[in-house]
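Residue-level listing of the chains:
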Amino acid sequence: MLIIAGQGNPGPTYAKNRHNIGFMAVDEIARRWNFPAARSRFDAQVSEGEIPTPVGPVRTLLIKPKGYYNESGRSVGQALKFFKLDPASLVLFYDEIDLAPGRFRMKTGGGAAGNNGVRSVTASVGPDFRRARLGTGHPGDKALVHGYVLSDFHKAEMKWVEPLLQACADALPLLAAGEDEKYQTEVMRLAPAEKVDPRKQARGD
């Protein structure tokens, strides 16, 4: 079984924030693979379905925690404990300011790199879960980060946000099959984005 969790803040106020691109990815996956309407479970909005792979369908649970971004570990931890799964069965989709807008990277394990949502999940299940990092770019100054991640994507940015989300959903059978590196490559093939230093890009260096 696979658990795919998105990070974000609940409610319409935050729906289009950069911090909520993890929720957006889960929503696109649910739409693309015809998951049923979400219901309340594990203090989250969850939906259960299947993702096809070459070796057969993989039972998959999509999770959007009802708590705030920095508390997302609680819901994820409940789900893993209930299904008796190890952290490798969890893929967490979240925004990454240290990647240029539209870039995508998979990673397993490691630290939180200042991301309190990732820190919450690590505290709940340990560090060895799989991370699907969606590049949102950096504001250029550490002091501006809080306001930046809690601000909405501009209309012009949707030109790369929407293709990235669609690519994450379309390529999902590779992720479900455990082929994380191939999944990353396919997402970037479907939604190419320039590889640049996000801080320098924000400053216009």
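Our structure's up above, just so we're on the same page.
From a predicted model like this one, the values you see are computed outputs, not experimental measurements.

Check the secondary structure of the protein and you find eight helices and seven strands. Relative to a compact globule of 205 residues, whose C-alpha radius of gyration would be 17 Å, the protein shows 16 Å and is just as compact. Projecting the C-alpha coordinates of the protein onto the three principal axes gives extents of approximately 45 × 35 × 30 Å. Relative to its 205 residues, the protein shows a buried fraction of 53%. Here the analysis covers contacts within the protein between residues at least 6 apart in sequence; of these, 69% occur between residues at least 24 apart. Counting only carbon and sulfur atoms, one obtains 51% of the accessible surface of the protein, whose full area is about 9,800 Å². Within the protein, one finds 28 positive and 23 negative side-chain charges whose respective centroids are separated by 2 Å.

On to the nonpolar core, then. Residues Ile4, Phe93, Phe104 and Tyr183 are the most contacted members of the largest nonpolar core, which totals 35 residues. Among the elements that make up this core, the one with the highest residue count is helix H5 (residues 158–170) (seven residues). Of all hydrophobic cores here, the second largest spans 20 residues; its members include Val46, Leu61, Leu92 and Phe129.

Looking now at the layout of surface pockets. Volume-wise, the largest pocket comes out at about 490 Å³. In this structure, the largest pocket is lined by 24 residues; those nearest its centre are His19, Gly114, Asn115, Asn116 and Val145. Here the lining of the largest pocket is built from residues that sort into ten nonpolar, eight polar and six charged. The computed volume of the second largest pocket comes to approximately 150 Å³. What lines the second largest pocket is simply Ala15, Lys16, Met24, Glu28, Phe153, Met158, Val161, Glu162, Leu165 and Gln166. Contributing elements (two or more residues each) for the lining of the second largest pocket: helix H1 (21–32) and H5.

Cut-offs and rules
Residue indices follow the written sequence of each chain, beginning from 1 at its first position. With pLDDT at 70 or above as the cut-off, local features in this predicted model cover only qualifying residues; side-chain atom pairs require 80 or more to be listed or tallied, and sums for whole chains, interfaces and linings still use all residues. In computing side-chain values, all of the structure's heavy atoms are included and hydrogens and water are not. Counting from the N terminus, the helices are the DSSP runs of H or I reaching at least four residues and the strands are the DSSP runs of E reaching at least two. Only the C-alpha atoms count toward the radius of gyration. The rule for a globule is 2.2 Å times the residue count to the power 0.38. For every residue, the accessible area (1.4 Å probe, protein chains only) is compared with the maximum for its type, and the residue is labelled buried under 20%, exposed over 50%, or partly exposed between those bounds. Any two residues whose heavy atoms approach within 4.5 Å at even a single point are treated as in contact. Methods summary: accessible areas were calculated by the Shrake-Rupley approach with a probe of 1.4 Å, and residue burial reflects only the protein chains presented. All tallies of charge rest on Lys and Arg as positive and Asp and Glu as negative; His and the ends of each chain are not included. To locate a charge, take NZ of a lysine, CZ of an arginine, CG of an aspartate or CD of a glutamate. In these notes, a set of buried Ala, Val, Leu, Ile, Met, Phe, Trp, Tyr and Cys residues joined through side-chain atoms within 4.5 Å is what counts as a nonpolar core. Only protein atoms enter the 1 Å grid, on which a cavity is a set of points fitting a 1.4 Å probe that cannot get out and a pocket is an open set with protein on both sides within 12 Å along at least 5 of 7 lines, lining residues being those with an atom within 4 Å of a point. Grid points are joined across faces, edges and corners, and a volume is the space filled by probe spheres set on the points. Amino acid classes used here: Ala, Val, Leu, Ile, Met, Phe, Trp, Tyr, Cys and Pro are nonpolar; Asp, Glu, Lys and Arg are charged; the rest, including Gly, are polar.

The values reported here are purely geometric and, on their own, carry no functional implication.
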